[in-house]
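Observations on the model geometry
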Amino acid sequence: MDPSQDAGRTVIAVAQLAITVGEPDANRQAAANAVAEAAVAGARLVVLPELSDSGYVFDPAAPGGPAAEARGLASPAADSVTLRQWRSLAAAHRLVIVGGFCELGADDRLYNSAALVDASGTRAVYRKAHLWDSEKLVFTPGDAPPSVVDTGFGRVAVMICYDLEFPEWVRLAALDGADLIAAPVNWPAVSWPTRERPAEVIKAQAAAATNGVFVAVADRCRAERGVSWISGSVIVGPDGYPLAGPVLADRAAVLTAACDLPRARDKSLSGDNDLLADRRPELYTWAPDKRVAAATAHWAARFVANGTSYPDFQAIMARIGRWDDWCREWGRTGQHYEELAETAQAAGRLVTAGEAWRRAALCWHWGKFVFTDHPEEQRAAHERTVACFRRGAGTLSPPAEPVRVPYAGSTLAAYFRVPPARTQLPPIVIMIPGLDSVKEELQATAEHLLSRGLAVIAIDGPGQGEAEYELPIEPAYERVTTAVADYLKGRDDVDPERLGVFGVSLGGYYAARSAAYEPRVRATVALAGPYRWDLDWDMLPAQTRTTFQHRSGAGSPAEARERAAAMTLEDAAARITCPLLVAYGGRDRLVPAYHAERLAREAPGAEVLMYPDGSHGLTNHAFESRAAMADWLAARL
């Protein structure tokens, strides 16, 4: 091609190379030869394949696995022989090079990366965001959008292989003003129908046409460790039709095409149409399942207040669009912490391991807490909650001792914690979860009680935690409190005569019942508990109603509502003569404030702790409310 015949156009080249894994010098020489050939044809931009220096098929049987071999071939972008070579080539031939290389990040992680290099040096490094198949065993995915660089002859976006198959990713580059997408790829061989093109090539054409941009794909050839390739190197115009290629042959090749890059900036179509201006993004916004939105609205503060980091919460919510995804996505983060815990434990870092186990347990708990649509998935998550927390319980300070409380011919699981030794036996507070909380979740509040010299026993009662699959919800929860009080009489490390009760949400109702009917209770905190559970039934989140149906053993929504009506303090409130702290928030959308106000009005021993802007469980005032409740209990026990 004579560049002078294409005045006003830019010659773009893609180099299809024969690459060998583990032979970076030979691979770099092949790239240099291709760049020189493209330069003779007048190319201003040359695109090289994915991982063009290291090769692609890392040995899974190598000591340390495929990542170990890749690590031996990787280098930091700032100290890369490959990128230095490209800079020299770019300067010598007065062009720009985009190619893939194996990067060792400053964080010591491996990345499948691509760089845009010109005579001035490395202009951009892009890390592949969408990893393919076994790449996930080697590389960490990038989390930055496609790099878009103004080269002087046009704006060039960089992405890698599988990235090109995600319409949203290409659209990001187009919206950022890219004229051309440069895509180093390694497309593994597939079969396709006679007289058709491989789907990968078609997707590249579709990406060009739907965004009105040029797309330049550099694939590779020659089998590597038994893997062969499509060899589909191609240059596509903004109308979606190939300008050069695809090669579709197992041979090295350099393709060139003279491209009118400014043409990509005109998105107009025939008639009064425009590819980008005609978009209606307000219609494309993903609308999350109403149950996801409800869960976020009602419980976000709770997740964070009880031990899940806000960045984790944000990242998980960003991945969840449908309620069906809820348990699985929380579990993904739970698995991450399990892996951290295993690594720390193997290295003898037991405190770190314990914290990671407990974080994992919380993630699994949030995944399953009101997730009833898929019972097997929910139960598996519950079992992970229990197992992970059990492994981290011993590194709490003071440790959480797992105990079993005899109850109704069975036993109930609990965690028992005693503050450091004092001159006298400490008082003990029974901690009662709500409908969807569990003993593990209560430990964040337990810390406030323990620091004030109060021992705690957090219980999974009927319909809760470890008992939810065997025992239905018990409206007369004082029976559980009685069983725990009896159990405590047999311990010699606490004072069972100074017995307090704390309950949150539906546990607040349980705590009030306990104060009314178990005479050994000396002081009680009822936090955000309902006076009568069915009064606002229709306003409750759908997940809450369904969870109650399952855990109460009701056979239908109507029966669940009937069982909720049985959970009432109408007879119990007047019997509460011990000190009772009724704590609630003025903006509680799950259990409205009038429930607490009625209980406080009818219980002779009641005091009130109210935050006018408080949410359910006062989780938006977690520190001050928990400190106040702990101080109140300590003063009375």
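Residues numbered from 1 in each chain as written. Predicted model: local features only at pLDDT ≥ 70, side-chain atom pairs only at ≥ 80, totals over all residues. Heavy atoms only, no water.

1. Quick look at the overall build of the protein
What the protein contains, in helices and strands, is 18 helices and 23 strands. Expected size for 637 residues packed as a compact globule is a radius of gyration near 26 Å; at 32 Å, the protein overshoots this value by more than 25%. C-alpha atoms of the protein, sized along the principal axes, occupy 100 × 60 × 45 Å. A buried classification covers 57% of the 637 residues belonging to the protein. Partitioning the contacts of the protein with sequence separation of at least 6, the portion at a separation of at least 24 is 70%. Per element, the accessible surface of the protein, about 26,000 Å² overall, is 51% carbon and sulfur. Within the protein, the 79 negative side-chain charges are centred at a point lying 2 Å from the centre of the 65 positive side-chain charges. (Helix = DSSP H or I, 4+ residues; strand = E, 2+ residues; numbered from the N terminus. Rg over C-alpha atoms; globule rule 2.2 N^0.38 Å. Buried < 20%, exposed > 50% of the residue type's maximum accessible area, 1.4 Å probe, protein only. Contact = heavy atoms within 4.5 Å. Areas by Shrake-Rupley, 256 points an atom, 1.4 Å probe, with all protein chains shown as cover. Lys, Arg positive; Asp, Glu negative; His and termini not counted. Charge placed at Lys NZ, Arg CZ, Asp CG, Glu CD.)

2. What to know about the packing of aromatic side chains
The full count for this structure, using the stated rule, is 20 aromatic pairs. Here the aromatic rings of Tyr 477 and Tyr 510 are separated by 4.0 Å at their centres, their planes lie at 15°, and the arrangement is stacked. Of this pair, Tyr 477 sits in the loop between strand E19 (455-459) and helix H13 (478-489) while Tyr 510 sits in helix H14 (residues 506-517), and the two are 33 residues apart along the sequence. For Tyr 477, a relative accessible area of 0% puts it in the buried group. Classification of Tyr 510 as buried rests on a relative accessible area of 1%. By the ring-pair criterion, three or more aromatic residues cluster together here, those being Trp 299, Phe 303, Tyr 310, Phe 313, Trp 323, Trp 326, Trp 330, Trp 366, Phe 369 and Phe 371. The cationic tip of Arg 127 hangs over the ring face of Tyr 111; the distance from NZ or CZ to the ring centre is 3.7 Å. Seen from the ring of Tyr 469, Arg 379 lies directly overhead, with NZ or CZ sitting 4.2 Å from the centre. (Phe/Tyr/Trp six-rings, centres within 6.5 Å; stacked < 30°, edge-to-face > 60°. Lys NZ or Arg CZ within 6 Å of the ring centre and 35° of its normal.)

3. Some words on the confidence of the model for the protein
For the protein, the mean per-residue pLDDT works out to 94, and 98% of the residues sit at or above 70. In the predicted structure, residues 1-5 sits below a pLDDT of 50 and forms 8 contacts with residues beyond four places in sequence or in another chain. (pLDDT = per-residue confidence, 0-100.)

4. Here's the deal with a nonpolar patch on the surface
On the surface, a cluster of nonpolar side chains totalling about 230 Å² of accessible area is made up of Val 190, Trp 192 and Leu 248. Position of Val 190 among the secondary structure elements: in the loop between strand E8 (180-184) and helix H5 (199-211). Assessed through its relative accessible area of 40%, Val 190 is described here as partly exposed. (Patch = residues over 30% accessible without salt bridge, like charges linked within 9 Å, V, L, I, M, F, W, Y side chains within 5 Å. Salt bridge = Lys/Arg side-chain N within 4 Å of Asp/Glu carboxyl O.)

5. Re the nonpolar core
In this structure, Trp 326, Trp 330, Ile 457, Trp 533 and Leu 599 are the most contacted members of the largest nonpolar core, which totals 93 residues. Among the elements that make up this core, the one with the highest residue count is helix H10 (residues 350-368) (9 residues). With near-sequence residues (within four places) excluded, Ile 457 lies in contact with Val 403, Val 405, Ala 414, Tyr 415, Phe 416, Ile 428, Val 429, Ile 430, Met 431, Val 484, Tyr 487 and Leu 488. Membership of the second largest hydrophobic core comes to 54 residues, among which are Ala 124, Val 201, Val 247 and Leu 261. (Core = buried A, V, L, I, M, F, W, Y, C linked by side-chain atoms within 4.5 Å.)

6. Things to note about the side chain of His 365
Along the chain, His 365 turns up in helix H10. Not counting chain neighbours up to four residues away, the residues in contact with His 365 comprise Arg 302, Thr 385, Asp 436, Ser 437, Val 438 and Glu 441.

7. Structural notes on the sheet that holds strand E16 (residues 401-407)
Judged by pairing direction, the sheet is mixed, and its 8 strands sit side by side in the order E16-E17-E19-E18-E20-E21-E22-E23 without closing on themselves. Each edge of the open sheet carries a strand with a single partner, namely E16 and strand E23 (606-611). Neighbour-to-neighbour, the strand axes of this sheet turn through a mean angle of 20°, independent of strand direction. Where strand E17 (residues 410-417) lies against E19, 4 bridges are found, and the strand directions are antiparallel. Bridging from a neighbouring strand, Arg 417 pairs with Val 456 of E19. Helix H17 (residues 593-602) contacts strand E21 (521-527), strand E22 (580-585) and E23 of the sheet and is inclined by roughly 160° relative to E22. (Pairing = 2+ DSSP bridges. Axes fitted to C-alpha atoms, helices over the stretch in contact; angles between N-to-C directions.)

8. Some words on the sheet that holds E8
Across a sheet, paired strands are connected by hydrogen bonds in the backbone, their directions being either parallel or antiparallel. If you walk across this open sheet you meet the 6 strands as E6-E7-E8-E9-E11-E12, and the pairing is mixed. Looking along the sheet, the strands with just one partner apiece sit at the ends: strand E6 (147-150) and strand E12 (242-244). Strand-to-strand twist in this sheet, taken as the mean axis angle between neighbours without regard to direction, amounts to 25°. Pairing analysis gives 2 bridges linking strand E11 (residues 234-236) to E12, with the strands arranged antiparallel. From the neighbouring strand, Val 236 faces E12, where its bridge partner is Pro 242. In this fold H5 packs onto strand E9 (214-218), E11 and E12, with an angle of close to 155° to the strand it touches most, E9.

9. Brief notes about the pattern of salt bridges
Counting across every chain of the model gives 49 salt bridges. In this structure, Arg 84 and Asp 79 form a salt bridge, with 3.2 Å as the shortest nitrogen-oxygen distance. For Arg 84, a relative accessible area of 45% translates into the label partly exposed. Under the relative-accessibility criterion, Asp 79 is labelled partly exposed at 47%.

10. So, the packing of helix H12 (residues 443-450) against helix H18 (residues 622-636)
In contact at an axis separation of 8 Å, H12 and H18 are set at 45° when each is read in the N-to-C sense. The orientation of H12 relative to H18 falls into the category oblique. Crossing angle aside, the handedness with which H12 passes H18 is right-handed. Two secondary-structure elements touch here, H12 through Ala 444, Thr 445, His 448 and Leu 449 and H18 through Phe 623, Arg 626, Ala 627, Ala 630 and Leu 633. Each residue belonging to the contact of H12 with H18 can be placed in one class, and the counts come to 6 nonpolar, 2 polar and 1 charged. (Parallel < 35°, antiparallel > 145°, perpendicular 65-115°, else oblique. Left-handed = near helix turned anticlockwise from the far one by under 90°. Nonpolar A, V, L, I, M, F, W, Y, C, P; charged D, E, K, R; others polar.)

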